[in-house]
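# Overview (structure and organization)
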Amino acid sequence: MFRNRALIILFILFSTFIFISSPSNSNASNNVLIQKQIKILLLKIQILRSELAKLKLAEAKVAPLAQLDIETLNTSVRKAVVNILCENQSNSPFKSISGSGVIIDSRGVILTNAHIGQYFLVKDYPTQNSMSCVIRTGSPALPAYYAQLMYLPPMWIQNNPTTMKTSGATGTGENDYALLAITDSANTTPLPASFSSISIDDTFTSLADNYPALLVSYPGELVGSFIIKNSLSMSSAVSNIKQGYYFDGDTDHNLDLLDVSGTVISQAGSSGGAAVSLLTGKLIGLITTATEAKTTDIRELRAITLAHINRSITKYTSQSLDAFLTQSPISAAVNFETSTASTERAILIQ
């Protein structure tokens, strides 16, 4: 089928060439006619290029996908995935939460969801340490680090001012991301000189059929609060990405959301977890929302793409994600607290 399409495209180009070169159209004095024919040729060349690009994409969708070794990749990814536990210390008006995050920079930058990162905005409301937030690692999860908020999109806070008082995250996942900077150790072990991290891919904008991904997070919905606090385990699963979604309708470039349903990861607590390409080993998505159902295999689980996060942070900060990460994480956290945090905090506590 693909070969026949290619032959048809070549015939279009060849027939145009014959038309221009035929004796009946070779009169050198008829420049206007020749120029029109050249424009037609150039237009058909553009059509040819477009059709060939579509042909390559179609071939990529049916071509066998060479996957990385799952066990090796899983071991590496699990070193960079963290649990974020924020607990109400009796006088906070907000509910406790357990979520996931991914270290994406060896200096200790954690990427998580905005609906998790917002807890760092109100941890000292109404009094200092009303909410206790700690970064935990390992399986079971143990306290490892403390962190400060580096960035959280103002638009997400404006559109979602009450999620800390409701039963769970809702919405499409648009702008649902935050960056945290690890600042201190939460145990007797000093901070490492370099943190295990996952490389990101913010150029993942086209989706082949049955694209394979590794999912890693700390799901906790099915185990209860006691297990979450004392012996929460990390989980991994492999899923083929079933579908892509586009917030602005640009199906050629702006892949925003991935459907990674059908695994045990489809639980509360997985938000902020990793969706890693099994072809490149890079982080392509951040788990964000799941639908409610009795069993995890029939729940719909979504992950926003790193490409969406890159477009969003560029829109609101005039810096790409890569450029934003070039600054000192601690300096970025201090700058966010002095410039933006108070406005976002005021929306949450009103």
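No experiment lies behind these values; they were computed from the predicted model shown. (Residues numbered from 1 in each chain as written. Predicted model: local features only at pLDDT ≥ 70, side-chain atom pairs only at ≥ 80, totals over all residues. Heavy atoms only, no water.)

### Things to note about the state of the cysteines
Here is the rule we go by: We call a pair of cysteine sulfur atoms a disulfide whenever their separation is within 2.5 Å. The helix count covers DSSP runs of H or I at least four residues long, the strand count covers runs of E at least two residues long, and both are numbered beginning at the N terminus. Here the term buried applies to any residue with accessible area under 20% of the maximum for its type, exposed to any over 50%, and partly exposed to those in between, with areas from a 1.4 Å probe on protein chains only.
Summed over all chains, the structure comprises one disulfide. Cys 86 shares a disulfide with Cys 133; S-S distance 2.1 Å. An S-S torsion of about 120 degrees defines the bridge between Cys 86 and Cys 133 as right-handed. Taken together, the residues span a long stretch of sequence, with Cys 86 in strand 1 (residues 81–88) and Cys 133 in strand 4 (residues 131–137) at a distance of 47 residues. Of the residues examined, Cys 86 reaches a relative accessible area of 0% and is grouped as buried.

### Section: the pattern of salt bridges
The condition that has to hold: Each salt bridge in this description consists of a side-chain nitrogen of Lys or Arg and a carboxyl oxygen of Asp or Glu lying within 4 Å of one another.
The full count for this structure, using the stated rule, is seven salt bridges. When the shortest N-O distance is used, the salt bridge between Arg 345 and Glu 337 registers 3.1 Å. A single network of salt bridges, built from pairs that share partners, joins Asp 259, Glu 300 and Arg 302.

### A few points about the confidence of the model for the protein chain
The cut-off we apply is this: The quantity called pLDDT is the predictor's confidence in a given residue, expressed from 0 to 100. Contact criterion: two residues are considered in contact whenever any of their non-hydrogen atoms come within 4.5 Å of each other.
On average, residues of the protein chain carry a pLDDT of 85, and 78% of them reach 70 or more. Low pLDDT, under 50, characterises residues 1–25; the stretch is placed with 26 contacts to residues that sit more than four places away or in other chains. Note that pLDDT drops below 50 for residues 59–63; the model gives that stretch six contacts with residues more than four away or on any other chain.

### A short note on the nonpolar core
Side chains of a nonpolar character, in soluble globular proteins, are inclined to be buried together. Spelled out, the test is: As used in this record, nonpolar core signifies buried Ala, Val, Leu, Ile, Met, Phe, Trp, Tyr and Cys residues forming a set joined through side-chain atoms within 4.5 Å.
Counting 70 residues, the largest nonpolar core has Leu 179 and Leu 283 as its most contacted members. For this core, the element with the most residues is strand 5 (residues 142–151), which contributes six residues. Non-local contacts of Leu 179, meaning those with residues more than four positions away in its chain, are made with Ile 104, Val 109, Ile 110, Leu 111, Gln 148, Leu 149, Met 150, Tyr 151, Ile 313, Leu 321 and Phe 324. Residues Ala 213, Leu 255, Val 260 and Leu 301 belong to the second largest nonpolar core, which totals 17 residues.

### Quick look at the environment of Asn 159
On the secondary structure map, Asn 159 appears in helix 5 (residues 154–159). For Asn 159, a relative accessible area of 51% corresponds to the exposed category. C-alpha separation for the pair Asn 159 and Asn 175, spaced 16 residues apart in sequence, amounts to 9.8 Å.

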